[in-house]
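Notes for the structure review
Listed below, chain by chain, are the residues.
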Amino acid sequence: MTRFRRLPQGGRIDRAKPVSARFDGKALGGFAGDTLASALLANDQVLIGRSFKYHRPRGLVAAGIEEPNGLFTLGEGATTEPNVAATMVDLVDGLVARTQNAWPSAGFDLMAVNSILSPLFQSGFYYKTFMGPTKGSWMFYEPFIREAAGLGKATGLPDPDRYDMRYAFCDVLVVGSGPAGLAAALTAGRSGARVVLADQDSDFGGSLLSGNDAGHEAWRIACIGELKSLPNAETCARTTVQGLYDGNLAVLVENRSHLRPDARKGEARMLLTQLRAKTIVMATGAIERPLVFSNNDRPGVMLASALRSYTNRFAVAPDKRAVIVTNNDTAYQAALDLATAGVAVTVADHRASVSADILSRAGAKGIAIFPGSGIFDVEGAKGVTRVKLGGAHAVTIECDAVGMAGGWSPVVHLSSHGGIKPKFDEAAAGFVPGGFPASHYGAGAMMGTYGLSAAIAEGSNAGASAASYAGFGKTRPVYAPEHVTDRSYAILPTWAPAYSAKGKAFVDFQSDVTIKDVKIAHQEGYRSVEHLKRYTTLGMGTDQGKTSNINALALMAEYRGITIPEAGTTTFRPPYAPLTMGAIAGRTVGAHFRPVRLSPLHDWHVKNGATFIDAGLWKRAWFYSWAGATPETAYVKEMELVRRGVGLADVSTLGKIDIQGPDAAEFLNRVYVNGFAKLPVGKVRYGVMLNDDGIVLDDGTTARISDNQFYMTTTTAQAGEVMSWLEYLLQCHWTDLNVQVASLTDEWAGMAVSGPKAREALQLAFPAEDLSNDALPYMGCKDFPFEGVTVRLLRMSFSGELAYEVHVAADYAISLWAHILKAAAPTGIKPYGLEALASLRIEKGHVAGLELDHRNTLDDLGLGKMAGKEKDYVGRALRFREDCQSPERWSLVGLELMEPDKKLRGGSILFAATDEIKGHGRGYITSVTWSTELNTFIALGLYKGGLGHEGEEIIAAFPLKNEQARLKIVSPHFIDKEGARLHA
Amino acid sequence: MMIPCPHCGDRDVSEFRYGGDASKQRPAHGTGDLKAWHDYVFLFENPKGPHTEYWQHVLGCRRWFKLARNTATNEIGGVVS
Amino acid sequence: MSKHYSALALARHALDPGMPWPKAWESPEPKSSYDVVIVGGGGHGLATAYYLAKNHGITNVAVIERSYIGSGNVGRNTTLIRSNYMIGGNTAFFEHSLKLWEGLSHDLNFNCMVSQRGQIVLAISPVQMDVFARRGNIMRLNGIDAELLDAGEVRKLLPYLDYSKDARWPIHGAIMQPRAGTVRHDAVAWGYARAASALGVHIIENCEVTGFVINDGKVSGVETPRGRINAGKVGIAVAGHTSHVASMAGLKLPVESHILQAFVTEPIKPIVDHVVSWGAELFYLSQSDKGGLVFGGHIDGFNTYTQRGQFNRIQTVAECAVSLMPFISRLRLLRHWGGIQDMTPDGSPFICRTPVKNLYLNGGWCYQGFKATPASGWTYAHTIAHDQEHELVRDFALDRFEKGRELDEFGLGNWTYKQ
């Protein structure tokens, strides 16, 4: 039998442009201007899916964003997108859609057995069972529950599409393009203000798009035409304002899926705009509520306003007869329009009497009205066949569709995002905004203003006020079309079904929550709105309860014997509608997830066989192909190079800070634990700084370039933190110090020249400079010009060998690096990478990131003696807290592997030889390396009591691999304890 | 949230680094009083309401400044000198 | 009318639609006096009341909640439970919590859907693998399950991650705790409330504590809009608002209130079978039994009591989600919300006595409040009952900063807003 059919004329579809999509593997025809939903109805596909829990047959309920049932999976393969509301999908050629959550098909679904078992599946049932027989039994039941839940299916494949994000600014943002929104946008636009009008629909006009009045249509066209002609106005269709955030940040998302954008051409499927609006006019309209009665979920039962939209906008109407059930006057708009389209209409009106005006207009169209009546039951397994009325007129009516008109719920979501709770308006029988901050305005149905001319006037006023607030004065109001009569609303709120049979009466279609579930929640004490939602899952679906929340709230208030305002309201949280994750992430994904920081020497490394490793945001040269193909073999050869000859390493990632000013020395003296006040010009010093809590923050070196200028290096990891910290101290606290700091991390490059032949190598590179031990002793530094470029040479060593760091402006880094390699070639100099760099320092006992982990004190790291006794420094007071001074603390030790056939691993836990191997041990290994000098694995670690146990044999346990090894505690300075190499 | 940088003007919060309660008085350099430092470093009024706090325009001009903000509403009161 | 929940009871009720279920918890009028008043009807407060009654026989107890029970963080978190803690003061406490989780549904006769699906923490560098190994080793040494996974093993378990050369950071491996997982968060509040109520505890909703009655440094009751309620002992359990409530007792604490946002997508059929966390940035995701992907990241980074997050943080978290699991790009975010959490300078909580006699503190939970719920209630009840901290929480003391005994589990340093 036919239930819905395409009308021979009318509608906003372009009959000259047929469109062919595929639905469940079959062709689905329609016209440009159709949505997937309207095309399904036009093809008389009334049964479109199964419900979430009971697998009951379902049809479309709405024509807009609030649709709870009509969710489909779109696309194929990697472009598969589950749970898309058919009402929001433009029908385009090549569109592929299929039903979900039904097996084998929506028409015949085996899971419908759930419906028979439904008394078991009442709200909260899963909290009461699936607990036995053993404690872990849920792990047995859970997979079945999980499989049954969920709606559509994701593929697990990467999304091939592209998403864009932009920032924008405007004076007036108007949300919603219904009569109020159009009036607001145009009035604001006429003032010269920069206006953005956004609407989630594919066209502008809001409720006007569902009407059939030529005068209204002319007004709509004129408004849009004028608005689009304004250079200061931007109109955004298919653009949902998803949320409002602090600082008038509106997040708009435009969906361009209908254009079939091609990611390979850089076209985005969606565009997210972060719009900073000086003012916002909300004209978000209202959503019609269903009525709750027995079997109100049969396919073909929908909102009266949806029937009207399908009829007028999409030229799809019930085949012969529709029954409309209402508690207010707005339903008659739908009734009259359906009748005009040739549908026989019967209205069951909950109210005892209907106005004479309606009676006469309805009578003229042959509409039968049954006052004092409601729906008792709906019949028809896979689509409505007949309706039984209850109340004053208990008649049975054969019909193809049912329209529900339970009154309107203003869309107050956006107005609530800022934290202002909506308030209940008795006259509007719905929640309206509870107030607005100064720069926000509301107009039209979202304010509970349902008359057309009233909404336009309110919109125009709001637009003028917003423009004025944004600093724009003169404008002309927008007037309603002539001869508009604002129809009455006259709602008699009805929540619990007055006449209902015993079938399931749904409150929330998508979550399959019935009136009985609300009753059970009440019985069991889940009475606050939030408990009700969480216990029954009401409003938790993809429709976010747009059609169900208010009915449920009102029912709960009724059961509790309190008023709706007393029962409160739910919190409206962004996003307003399900928001594609890709659109939020934009292009900041994959390789572009976070910026890549490259050393100025990076290109050289790439060309010369470096393998890279990530170190925070940096890509660092890990090892070079000359030394081997894997890091395990290469780093050892590179270490040998440095220990026996000379190597060149890129240390440009170190934080580099230029510190200048007459008080610079005093400043450093406060920041570092050790003295810097008397550091001579031409000297560099190792320094450690603490946080205010007395815990080590960072270490590094600082060179005195001149009386008033210093050059600081920090660790790579803490560079940003240290810079910020220095600025904080200078700008917020030590404002009396005349010091300026500037980061040179990206502006300067650094290269370490290390090894016994380092001086020889540099002398070859810089023959004009006297680099003798006398001229440039250990911890000396000098700036000198080389081929017109200033080179900063610092004699210091991370590796423990005779070593220098050569720093130069980043632009000259590669040429200087190449020059050193070329000039010093006779020394056998080669590059070495991060792995060798980090291993050489272990042999020398220098601490690094794994030891500087914000948990250790100076003494823990064996650096306590460095601290000045006579001076104050940051962190001094709290450094001396009781436990910070305890000899039992874990402190730095060197560790030597005693069992040559074994391997040492970082993260091993340390135990004394006699300890039982359990608990937290006495410490752990921080850093491990193979020692080319000692021919064994060595490590740095933290151990309770530290070097007090020097010489003891202990145990390193690595239970994750069931390994244990014997170690000896030694000085962390494995090589050259006297520092002869450093001073050579 | 828009934060008014005294040097650059209104900028998105994502450009800034928060720096904690600015109403606390940092003990003078040279003060060795453990309790004074403990209270300064570790204790917070943490009011639900007006709050003065440090921010740094870390992805901009690097200026540190004091800002008045209401922690109950995130309403910005402006830069405090 | 069945009080006991079981499949059989469910069937009996199904067959007899006239038979109503009893209220899950009673809502009595407050008495003028109780032995113990717990301020805060969240997970921790309700659990404390339950264990006071069950473990210590103290049933003359009221839980006073300013809104509905479970309206705070127990209903706003990402539902994760785990016990992968390596600092001495933490490990045993969180493992005790996990053990209590394992028996909770049975203990409470309320299905909290404790799902031990395993947590996998992904490492992005060899160095991070070492850091994770230390954690895993400590866990093993304390009788807690932990497994090191190499990149190949990760790929078998989590085929949908980005293993392509486009990934900003490669996946080197992971550490897994098989017993970690998720719990149906609201059920925890309801289950504890129901079980506590059955033991005689009074649960008083919509009643805000507006002050403490303190004389000579000793608390003897609380003030509420419904009048003064006397109490032998008072326990604070209002994480998120701890500073605010404690200030009414004249206490200034090492706590700042910060917002942590959480996110859920539309429901889909099962695809993510574990809790997945990432070492690149703080990011964690699991799939709820209802089908939504539930995930979160870092706090917004400045103190606030508004439960509204900033959009830049939402972007950050979405970027993490899509970069780590590229299929998520096509799914849609259904809701995001914010919870206010107590942040402390070392990222660790307080369960202890206070300078006010008979007034006890439970707060400062940072990111770990939900997973701690059962052990927190267990040890807090002990602390209140005995006026002496339970041995599992002896390191969760207020004076640890004075003493230099910070419990910095992740080595993040002394910044509440970075912990």
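A few points on the structure. All of these numbers come straight from a predicted model, not from anything done at the bench.

For chain A, the count of helices and strands is 25 helices and 51 strands. Computed over its C-alpha atoms, the radius of gyration of chain A comes to 38 Å, more than 25% above the 30 Å expected for a compact globule of 984 residues. If you line up chain A on its principal axes, its C-alpha atoms span 115 × 75 × 55 Å. Here chain A, with 984 residues, has 62% of them falling under the buried criterion. Once local pairs closer than 6 in sequence are excluded, the contacts in chain A between residues at least 24 apart make up 67%. Split by element, the accessible area of chain A, about 34700 Å² in all, is 54% carbon and sulfur. In chain A, 101 side chains carry a positive charge and 103 a negative one; their mean positions are 4 Å apart.

All names here are of chain A. Spatial ordering of the open sheet is given by 16-24-18-19-20, a layout of 5 strands whose pairing is parallel. In this open sheet, the two strands that pair with only one neighbour each are strand 16 (301-303) and strand 20 (368-371). Put simply, the sheet's adjacent strands are angled 20° from each other on average, direction ignored. Pairing of strand 18 (residues 321-326) with strand 24 (residues 401-405), which is carried by 5 bridges, proceeds in the parallel orientation. If you follow Thr326 over to strand 24, its bridge partner there is Ala405. Here helix 7 (residues 304-314) sits on the sheet in contact with strand 16, strand 18 and strand 24, set at roughly 85° to strand 16.

Moving on to the interface of chain A and chain C. Residue-level contacts link 126 residues of chain A with 116 residues of chain C. Buried area between chain A and chain C, both sides added, is near 10200 Å², and the carbon and sulfur share of it is 57%. Applying the counting criterion to the chain A and chain C interface returns 11 salt bridges. We note a salt bridge from A:Asp246 to C:Arg308, for which the minimum N-O separation is 2.9 Å.

Our focus in this paragraph is the environment of A:Leu389. Residue and element names in this part refer to chain A. Within the element layout of this structure, Leu389 appears in strand 22 (residues 386-391). Look at Leu389 and you get buried, because its relative accessible area is 3%. When the C-alpha atoms of Leu389 and Ala348 are compared, they prove to be 7.5 Å apart, with 41 residues separating the residues in sequence. Here Leu389 is in contact with Ala348, Phe370, Ser373, Gly374, Ile375, Phe376, Ala394, Val395 and Ile397, once residues within four sequence places are set aside.

What follows is about the pairing of strand 18 (residues 359-363) of chain C. Residue and element names in this part refer to chain C. Counting buried positions along strand 18 yields 5 of 5 residues, so the element is predominantly enclosed. On strand 18, burial covers both faces: Leu359, Leu361 and Gly363 on one face and Tyr360 and Asn362 on the other are all buried. Bridge count between strand 11 (residues 227-237) and strand 18: 4 bridges; the pairing is parallel. Across the sheet, the residue bridging to Val234 is Leu359, located in strand 18. Pairing between strand 17 (residues 350-353) and strand 18: 4 bridges, direction antiparallel. Bridge pairing in strand 18 links Phe350 to Gly363.

For the rest of this paragraph, the subject is the interface of chain B and chain A. Tallying the contact residues gives 23 residues for chain B and 24 residues for chain A. If you sort the residues of chain B by the area they bury against chain A, B:Arg26, B:His29 and B:Trp64 come out on top, with a joint share of 33%. Run the count over chain B and chain A and you get 4 salt bridges. A salt bridge links B:Arg17 to A:Glu721; the nearest nitrogen and oxygen atoms lie 2.9 Å apart. Those elements giving two or more residues to the side of chain B that touches chain A turn out to be helix 1 (34-42) and strand 4 (50-56) of chain B. The element that contributes the greatest number of residues to the side of chain B that touches chain A is helix 1 of chain B, accounting for 6 residues. Considering only residue class, the side of chain B that touches chain A consists of 10 nonpolar, 8 polar and 5 charged.

This part is about the side chain of A:Gln544. Here A:Gln544 shows up in the loop between helix 13 (529-536) and helix 14 (549-560). A polar side-chain atom of A:Gln544 sits 3.0 Å from the main-chain carbonyl oxygen of A:Pro575. Within the structure, the side chain of A:Gln544 is placed 2.8 Å from the backbone oxygen of C:Leu334, a separation counted as a polar contact.

This part covers the environment of A:Gly444. Residues and elements named next belong to chain A. Mapped onto the elements of the fold, Gly444 is located in the loop between strand 28 (440-442) and helix 11 (452-469). With 11 residues separating them in the primary sequence, Gly444 and Ala455 have C-alpha atoms 4.2 Å apart. When residues no more than four places from it in sequence are discounted, the contact partners of Gly444 are Ala180, Thr449, Ala455 and Glu458.

Turning our attention to the sheet that holds strand 5 (residues 147-150) of chain C. Ordered by their spatial adjacency, 9 strands build an open sheet running 31(A)-16(C)-12(C)-15(C)-14(C)-13(C)-4(C)-6(C)-5(C), and the pairing between neighbours is mixed. The sheet is open, and its two borders are formed by strand 31 (579-580) of chain A together with strand 5 of chain C, each paired with just one other strand. Bridge analysis of strand 12 (residues 256-265) of chain C against strand 16 (residues 332-343) of chain C gives 10 bridges, and the strand direction is antiparallel. By the bridge assignment, C:Leu260 is partnered in strand 16 of chain C with C:Gly339.

A word on empty space enclosed by the protein. Within the structure shown, the criterion is met by 11 cavities of 30 Å³ or more. Lining the largest cavity are 22 residues, with A:Tyr728, B:Gly19, C:Asn414, C:Trp415 and C:Tyr417 positioned closest to its centre. Those elements giving two or more residues to the lining of the largest cavity turn out to be helix 20 (719-733) of chain A together with strand 3 (17-21) and helix 1 of chain B. The residue inventory of the lining of the largest cavity, partitioned by class, reads 9 nonpolar, 7 polar and 6 charged.

Let us now look at the nonpolar core. In a soluble, globular protein the nonpolar side chains are often hidden away together inside. Counting 269 residues, the largest nonpolar core has A:Leu36, A:Tyr310, A:Ile659, A:Phe667, B:Trp55, C:Phe93 and C:Phe212 as its most contacted members. For A:Ile659, the residues in contact, after removing those within four places along its chain, are A:Ala664, A:Phe667, A:Leu668, A:Asn708, A:Gln709, A:Phe710, A:Met712, A:Leu726, A:Val739, A:Gln740 and A:Val741. Counting 50 residues, the second largest nonpolar core, distinct from the first, contains C:Leu149, C:Ile171, C:Met176 and C:Val272.

Calculation criteria
- Residues numbered from 1 in each chain as written.
- Chains lettered and ligands numbered in written order.
- Predicted model: local features only at pLDDT ≥ 70, side-chain atom pairs only at ≥ 80, totals over all residues.
- Heavy atoms only, no water.
- Helix = DSSP H or I, 4+ residues; strand = E, 2+ residues; numbered from the N terminus.
- Rg over C-alpha atoms; globule rule 2.2 N^0.38 Å.
- Buried < 20%, exposed > 50% of the residue type's maximum accessible area, 1.4 Å probe, protein only.
- Contact = heavy atoms within 4.5 Å.
- Areas by Shrake-Rupley, 256 points an atom, 1.4 Å probe, with all protein chains shown as cover.
- Lys, Arg positive; Asp, Glu negative; His and termini not counted.
- Charge placed at Lys NZ, Arg CZ, Asp CG, Glu CD.
- Pairing = 2+ DSSP bridges.
- Axes fitted to C-alpha atoms, helices over the stretch in contact; angles between N-to-C directions.
- Buried area = accessible area lost by both parts, 1.4 Å probe.
- Salt bridge = Lys/Arg side-chain N within 4 Å of Asp/Glu carboxyl O.
- Nonpolar A, V, L, I, M, F, W, Y, C, P; charged D, E, K, R; others polar.
- Polar contact = N/O pair within 3.5 Å; in protein donor to acceptor, adjacent residues only side chain to side chain.
- 1 Å grid on protein atoms, 1.4 Å probe; cavity = no way out; pocket = protein on both sides within 12 Å on 5 of 7 lines; lining within 4 Å.
- Points joined across faces, edges and corners; volume = space filled by probe spheres on them.
- Core = buried A, V, L, I, M, F, W, Y, C linked by side-chain atoms within 4.5 Å.

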